[in-house]
Amino acid sequence: MLTRRWTTWIIAALLCAVMCFAQGARTENPYGLPDKLMPLWDSLSIRQKAAQLIMVYMSPAEFLVKNEFGGVLVMKSHLNKKDNFIHNLTQANAELRIPLLVASDQEGGRVNRIGGISEKWKHAPSAYEMRDMEPDSVRAIANSIGSELKALGINLNLAPVLDPALDHRNKKSFMEESHRSWDKDSTSGEKVAAFVQGMKDNGIVCAAKHFPGYDSWTNSDHQIAISASPLAKIQRNVGLFKAQSDIIPVTMMSSVRFIRISNRPAVFDSRIVRMAREMSTETVILTDDLWGVSLRAWISGMDRATGKTYPTKDFKKLVRIAVMAGNDMFMITYPKKAEEMVNYLERLAKYNSTYHKRIEESAARILKMKHKAGML
């Protein structure tokens, strides 16, 4: 029979062990997640963490729930039937443990996803127009548009476009010709901040694009785009991104090849992605569409890649390169390939500790961003 002294000692030892375990559990947080997110994080499988890295073309709720994707990309066509869109999105979020990042390119001007919803938004001003307005006017416009996005369930605006208006030869860039660039003069930063704040007033997160500054004159969505800008010019282009990095938590990478740095598209080059990461360790770095013809063509060593027929080995290579370059979230407009991507990331993580760590790093950044934005 135990004496009172021994009983007291055993209870004290057990309490100490419990406290030590709890402290150890609290410090077992290499990615700096908020304490309130740790129970969720600890409950996630590596597949579920990998799925958070995928932003897929808007799909039926059942498909989104089955794969537990981290985000969806919404195009103008999805909003043609507004009520159906909202119902589908609401159903998906009701069944998902982690709410979706719901992203759309609502820049205004030529890239105006809500333009078909009503006459009010048919002629939403472009960046080219807004950059000539006073900051208060810019914020009011962004606030109004942000209110519409919120009503739709969109919480991530893939804007503003911080790409330079001029290339290194002082010729207009593709983004300037398209009236999409905010770059004009020393007042640009203040007006970009007003746009971002107007979105934030409605709970809308913004994404700065296309890092490190799309100064080519070709459209990289359809063909390989090359920039010959010297490093000094690229670093100047990065300035507007850096100036806004405290208030814009997502940075989208460019698909342009900056040949003075690398022969790889920027999104696939670890040095260029690292430049984006250096702006903030918490920035979520997002790819543009990985199913884009220029990116797939570069992976395969071709002039052009078209259609849905694409070698599996090349697709796997594309995924590996995108991950190891340091990107956090992977946009893809081909839903079937999004599912394949989750499957492949899961396999990579299970058999390779380097991939496992990279996937966990990115999943943690995404969850922290969602938490900070009030989505979690």
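Residues numbered from 1 in each chain as written. Predicted model: local features only at pLDDT ≥ 70, side-chain atom pairs only at ≥ 80, totals over all residues. Heavy atoms only, no water.

1. Concerning the environment of Pro160
What counts is decided by this rule: In DSSP terms, a helix is any run of H or I states spanning at least four residues, a strand is any run of E spanning at least two, and both are numbered starting from the N terminus. The buried label applies to any residue whose accessible area, calculated with a 1.4 Å probe on protein chains only, is under 20% of its type's maximum; exposed applies above 50%, and partly exposed to all values in between.
You can see Pro160 is positioned in the loop between β6 (156-157) and α8 (174-177). Judged by its relative accessible area of 0%, Pro160 is buried. Along the chain, Pro160 and Asp105 lie 55 residues apart, while their C-alpha atoms are 9.0 Å from each other.

2. Quick word on the sheet that holds strand β3 (residues 101-104)
Quick reminder of the rule: Strands qualify as paired when DSSP identifies two bridges or more between them. When checking whether two residues touch, look at their non-hydrogen atoms; a contact exists if any pair is within 4.5 Å. Inter-axis angles, ranging from 0 to 180 degrees, are taken between N-to-C directions of lines fitted to C-alpha atoms, where helices are fitted over the stretch in contact.
Strand order in the open sheet formed by 8 strands is β11-β9-β7-β6-β3-β2-β1-β12, and the pairing between neighbours is parallel. Every interior strand has two partners, whereas the edge strands, β11 (284-286) and β12 (330-332), have only one. In this sheet, strand β7 (residues 205-211) lies alongside β6 in parallel orientation, the contact comprising 2 bridges. From the neighbouring strand, Asn157 faces β7, where its bridge partner is Cys206. Against the sheet, helix α11 (residues 270-277) makes contact with β7, β9 (250-253) and β11, and its axis sits at roughly 160° relative to β9, the strand it touches most.

3. Re the environment of Glu68
For clarity, the threshold we go by: What qualifies as a polar contact is a pair of N or O atoms within 3.5 Å, subject to a donor-acceptor requirement within protein and to the restriction that residues adjacent in sequence count only when both atoms come from side chains.
Relative to the helices and strands, Glu68 resides in the loop between α4 (61-67) and β2 (71-74). Taking the C-alpha atoms as reference, Glu68 lies 6.7 Å from Gln48; in sequence the two are 20 residues apart. There is a polar contact of 3.2 Å between the side chain of Glu68 and the side chain of Gln48.

4. A few points about the packing of helix α5 (residues 82-95) against helix α7 (residues 135-152)
Selection criterion: Angles below 35 degrees are treated as roughly parallel, those above 145 as roughly antiparallel, those between 65 and 115 as roughly perpendicular, and all remaining angles as oblique. Side-chain classes follow a simple rule in which Ala, Val, Leu, Ile, Met, Phe, Trp, Tyr, Cys and Pro form the nonpolar group, Asp, Glu, Lys and Arg form the charged group, and the remainder, Gly included, forms the polar group.
Two elements in contact, α5 and α7, have axes whose closest approach is 9 Å; the angle formed by their N-to-C orientations is 60°. Between α5 and α7, the angle falls in the class oblique. Two secondary-structure elements touch here, α5 through Lys82, Phe85, Ile86 and Leu89 and α7 through Glu148, Ala151 and Leu152. Grouping the constituent residues of the contact of α5 with α7 by class yields 5 nonpolar, no polar and 2 charged.

5. A look at empty space enclosed by the protein
The cut-off we apply is this: A cavity, in this analysis, means grid points on a 1 Å lattice covering only the protein atoms where a 1.4 Å probe fits yet has no way out; a pocket is instead an open set bounded by protein on both sides within 12 Å along at least five of seven lines, and a residue lines either one if it has an atom within 4 Å of a point. Grid points are joined across faces, edges and corners, and a volume is the space filled by probe spheres set on the points.
Scanning all chains against the criterion turns up 3 cavities of 30 Å³ or more. Considered as a void within the structure, the largest cavity measures approximately 60 Å³ in volume. For the largest cavity, the full set of lining residues is Leu44, Gln48, Gln52, Glu68, Leu96, Arg97 and Ile98. A breakdown of the residues in the lining of the largest cavity according to their chemical character gives 3 nonpolar, 2 polar and 2 charged. Taken as a whole, the second largest cavity encloses approximately 40 Å³ of empty space. If you trace the second largest cavity, you find it lined by Ala208, Phe241, Ser245, Ile248, Val250, Thr251, Met279 and Thr283.

6. Thoughts on the nonpolar core
The condition that has to hold: Residue types Ala, Val, Leu, Ile, Met, Phe, Trp, Tyr and Cys, when buried and joined through side-chain atoms within 4.5 Å, form a set referred to as a nonpolar core.
Ile54 and Phe268 are the most contacted members of the largest nonpolar core, which totals 122 residues. Discounting chain neighbours no more than four positions away, the residues touching Ile54 are Phe69, Gly70, Gly71, Met329, Phe330, Ile332, Ala338, Met341, Val342 and Leu345.

7. Re the packing of aromatic side chains
Any pair of aromatic rings gets described here by the distance separating the centres and the angle formed by the planes. Rule in force here: Any two of the Phe, Tyr and Trp rings considered here, Trp counted by its six-membered ring, make a pair once their centres fall within 6.5 Å; the pair's planes then place it as stacked at under 30 degrees, edge-to-face at over 60, or tilted in between.
All chains considered together, the criterion is met by 9 aromatic pairs. With a centroid separation of 5.8 Å and an interplanar angle of 65°, the aromatic rings of Tyr31 and Trp41 are classed as edge-to-face. Here Trp41 lies in helix α2 (residues 38-43) and Tyr31 lies in the loop between α1 (4-27) and α2, a separation of 10 residues in the sequence. Note on accessibility: Tyr31 and Trp41 belong to one class, buried. Relative to Phe195, the ring of Trp182 has its centre 5.4 Å away and its plane inclined at 55°; by these criteria the two rings are tilted. You can see Trp182 sitting in the loop between α8 and α9 (188-200) and its partner Phe195 sitting in helix α9, a full 13 residues away along the chain.

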